[in-house]
Amino acid sequence: MIRHVVLFTWTEDATEEQKATVAAELRELPGLIPQIRAYTIGGDVGVNQGNHEFAVVADFDTVDDYLVYRDHPRHLAVVTDHIRPIMAARAAVQIEA
């Protein structure tokens, strides 16, 4: 199994509406991309200072399934239209789980 983990920090001027739109758009992806085995998204709960603000954790059976997700037009549209405009920082990793 391949686990894809992405962490975001938003720009200081990102609005709550923009952040909510990111979450809403990402929540639609499992219904559109059958290669997604499991999908968890959410904001940091604020326990530790200095954390990123938002996370996506997605599981796939194979690397090829992850690549379908990575390159899917709807996923790319969410990134381009909603995430990049408010993204200050990003960290990502794909691991075998």
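These lines cover the structure that appears in this document, whether it is placed above or below.

Reading the values: the criteria
- Starting afresh in each chain, residues are numbered from 1 along the sequence in its written order.
- With pLDDT at 70 or above as the cut-off, local features in this predicted model cover only qualifying residues; side-chain atom pairs require 80 or more to be listed or tallied, and sums for whole chains, interfaces and linings still use all residues.
- The side-chain values count all of the structure's non-hydrogen atoms but skip hydrogen atoms and water molecules.
- Strands qualify as paired when DSSP identifies two bridges or more between them.
- Numbering of helices and strands runs from the N terminus, with a helix taken as a DSSP run of H or I at least four residues long and a strand as a DSSP run of E at least two residues long.
- With axes taken as lines fitted to C-alpha atoms, and helix axes fitted only over the stretch in contact, angles between N-to-C directions fall between 0 and 180 degrees.
- The cut-offs for exposure are 20% and 50% of the maximum accessible area for each residue type, with area from a 1.4 Å probe on protein chains only; residues under the lower value are buried, those over the upper are exposed, and the others partly exposed.
- The arc in question is the one spanned by the directions pointing from the helix axis to the C-beta atoms.
- The contact definition used throughout considers only heavy atoms, calling two residues in contact when any of these lie within 4.5 Å.
- The term nonpolar core refers to a set of buried residues drawn from Ala, Val, Leu, Ile, Met, Phe, Trp, Tyr and Cys, joined through side-chain atoms within 4.5 Å.
- A pair is scored as a salt bridge if a Lys or Arg side-chain nitrogen falls within 4 Å of a carboxyl oxygen belonging to Asp or Glu.

1. Focus: the sheet that holds strand 1 (residues 2-10)
Two orientations exist for strands paired in a sheet by backbone hydrogen bonds: parallel and antiparallel. Read across the sheet, 4 strands follow the order 2-3-1-4 without closing on themselves; strand pairing throughout is antiparallel. Each edge of the open sheet carries a strand with a single partner, namely strand 2 (36-43) and strand 4 (87-96). Recorded for the sheet is a direction-independent mean angle of 10° between the axes of neighbouring strands. With 9 bridges joining them, strand 1 and strand 4 adopt antiparallel strand pairing. Residue pairing for strand 4: Leu7 is matched across the bridge by Ala91.

2. So, helix 2 (residues 63-71)
Among all positions in helix 2, only Asp65, Tyr66 and Tyr69 are buried. Down the axis of helix 2, the smallest arc covering the buried residues is 100°, so these residues share one side. For helix 2, the elements touching its buried residues are strand 1, helix 1 (16-32), strand 2, strand 3 (54-60), helix 3 (73-83) and strand 4.

3. Regarding the nonpolar core
Leu26, Tyr39, Phe54, Val56 and Tyr69 are the most contacted members of the largest nonpolar core, which has 23 residues in total. Setting aside its immediate chain neighbours within four residues, Tyr39 contacts Leu26, Leu29, Pro30, Val56, Val57, Ala58 and Tyr69.

4. Here we look at the pattern of salt bridges
All told, the structure shown has 7 salt bridges when counted by the stated rule. For Arg3, the salt bridge goes to Asp59, with nearest N and O atoms at 2.7 Å. Remark: Asp59 occurs in strand 3 and Arg3 occurs in strand 1; sequence separation between them is 56 residues. Take Arg3: its relative accessible area is 28%, and that puts it in the partly exposed class. You can call Asp59 buried: its relative accessible area is 9%. The residue Lys19 makes a salt bridge to Glu16 at a minimum N-O spacing of 3.3 Å. Residue Lys19 and its partner Glu16 are both found in helix 1; the two are separated by 3 residues, about one turn of the helix.

It is worth stressing that arrangement in space is one thing and function is another; only the former is reported here.
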